[in-house]
Amino acid sequence: MRRKLAAGNWKMHGLAADLPEVDQLAALYPAAPVDIVLCPPAPLIDRMAARVATGVIALGGQTCHPAIKGAHTGDISAQMLADAGARYVILGHSERRADHRETDTIVRAQARAAIEAGLVAIICLGETEAERDAGRTLEVVTAQLAGSLPDRATGDTCVVAYEPVWAIGTGRVPSPDQIAEVHGALRRALTGHLGADTAEAIRLLYGGSVKPDNAAGIFAIPDVDGALVGGASLKAADFAAIIDALAAS
Ligand code: PGA
């Protein structure tokens, strides 16, 4: 039985002044209805950790370097994220793939480092609008999965997030059939790579314009185990509405 997961990706948003949103969220969930993760910008992780000490809300980074340490100015290792209080890390987000040329090979190396540091890797993949229009969606996402998934992937170490690039931050969401088709293909591909038992244990998140008003519909789709939420995770009330929809699904 896969535990449902609501993960919030704050991207490059958030200052100390925004930390009360975390207090509000923590106050709403003295116990966990589903797994909850917030991934703030790295400078906020340790300050957030002090505010979510009950452990109901876990924290995550938004990327990590494949190496444990070294001469890599500006980079952050998985071990540093864990040391700051993170338990998860988002890897291969389309914004990282586009802005920082993080390829499948790099994402796989980052995922290895994350697992080594004791973090859960949230591996993101998804097609562009041009790839969908060309009928290449399943080919693209299964190739990204094959290239990004570390050999040691298990239900405890990896989560896969399907995030169509054209749905991120746009208010556009694929139809339920489109999401079900991709999640079904990802589950089959996971089975091919890891065997049925491990594939069944890996959570598949949908991400891209998940909001309080569409969350219940998305969570009703087969093989959707939760969401990776960007904009709507910045406000406690909005994220809580999505968490509640997931818990009720
Ligand atoms: P969005 O972002 O919810 O703002 O569309 C999702 C994401 O990029 O993870």
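Details of the structure are given in the entry above.
Residue numbers run consecutively from 1 along every chain, following the written order of its sequence. Under the rules for a predicted model, residues below a pLDDT of 70 receive no local features and side-chain atom pairs below 80 are neither given nor counted, while totals for whole chains, interfaces and linings still include all residues. Each side-chain value is worked out from all heavy atoms of the structure, with water and hydrogens disregarded.

K.L.:
How do you make sense of the side chain of Glu127 when you look at a structure like this?
P.N.:
Looking at where Glu127 falls in the secondary structure, it is placed in the loop between strand E5 (120–125) and helix H6 (129–133). Any pair of nitrogen or oxygen atoms within 3.5 Å is treated as a polar contact; in protein, a donor-acceptor pairing is required on top of that, and neighbouring residues in sequence qualify only through side-chain atoms on both sides. A polar contact is formed between the side chain of Glu127 and the side chain of Arg132, at a distance of 2.8 Å. A distance of 2.9 Å separates a polar atom in the side chain of Glu127 from a polar atom in the side chain of Tyr162. In this view, Glu127 contacts Arg132, Thr137, Val140, Val141, Tyr162, Pro164, Val165 and Trp166; residues no more than four positions away in its chain are not counted. Secondary structure counts use DSSP, requiring at least four H or I residues in a row for a helix and at least two E residues in a row for a strand, with both numbered from the N terminus. Note on definitions: a residue-residue contact is assigned when non-hydrogen atoms from the two residues lie within 4.5 Å.

K.L.:
What's the story with the pattern of salt bridges in this structure? I'm lost.
P.N.:
Between side chains of opposite charge, a pair can form as their charged atoms come close. The salt bridge criterion pairs a side-chain nitrogen of Lys or Arg with a carboxyl oxygen of Asp or Glu, the two atoms within 4 Å. Tallied over the entire structure, the rule returns 16 salt bridges. Close ionic contact of Arg3 with Asp35 constitutes a salt bridge, the shortest N to O distance being 2.7 Å. Within this pair, whereas Arg3 is found in the segment before strand E1 (5–9), its partner Asp35 is found in strand E2 (residues 35–39), the two being separated by 32 residues in sequence. On the basis of relative accessible area, Arg3 is assigned to the partly exposed category, the value being 45%. Among the salt bridges present, the one from Asp104 reaches Arg97, with a minimum N-O distance of 2.6 Å. Through salt bridges with shared partners, one network takes in Arg2, Arg187, Glu200, Asp223 and Asp225. Burial here depends on accessible area, computed with a 1.4 Å probe over protein chains only, as a share of the maximum for the residue type. Under 20% is buried, over 50% is exposed, and the range in between is partly exposed.

K.L.:
Sorry if this is basic, but what is going on with the layout of surface pockets here?
P.N.:
Over the atoms, a rolled probe matching the size of one water molecule traces out where space is still vacant. Buriedness of a pocket was judged along seven lines, with at least five required to meet protein on both sides within 12 Å; pockets are open sets of points on a 1 Å grid over the protein atoms alone, cavities are sets where a 1.4 Å probe fits but cannot get out, and lining residues have an atom within 4 Å of a point. Grid points are joined across faces, edges and corners, and a volume is the space filled by probe spheres set on the points. Of the voids in this model, the largest pocket is the one considered here, and its volume is about 580 Å³. Lining the largest pocket are 25 residues, and of these Met12, Gln62, Thr63, Arg96 and His100 sit closest to its centre. Counting residues per element, the lining of the largest pocket draws most heavily on helix H4 (residues 94–99), which supplies three residues. Of the residues that constitute the lining of the largest pocket, the class distribution is 10 nonpolar, nine polar and six charged. One number sums up the size of the second largest pocket: a volume of about 160 Å³. Around the second largest pocket, the lining is made up of 18 residues, and of these Lys11, Gly169, Ser209, Gly230 and Gly231 lie nearest the centre. Under the convention adopted here, Pro, Cys and the residues Ala, Val, Leu, Ile, Met, Phe, Trp and Tyr are nonpolar, Asp, Glu, Lys and Arg are charged, and Gly plus all remaining residues are polar. Of the residues contributing to the lining of the second largest pocket, the split by class is five nonpolar, 10 polar and three charged.

K.L.:
Can you walk me through helix H5 (residues 104–116) in this structure?
P.N.:
Counting along an α-helix, one turn takes 3.6 residues, and residues three or four places apart therefore face a common direction. Spanning 13 residues, H5 covers 18 Å between terminal C-alpha atoms, matching the ideal 18 Å at 1.5 Å per step. Of all the positions in H5, only Val107, Gln110, Ala111, Ala113, Ala114 and Ile115 are classed as buried. Buried residues belonging to H5 abut helix H3 (78–84), strand E4 (88–91), H4, E5, helix H7 (137–148) and strand E6 (158–162). One or two steps after H5, the chain reaches Gly118, where phi turns positive at roughly 85 degrees. What a helix is expected to span follows from its residue count: subtract one and scale by 1.5 Å.

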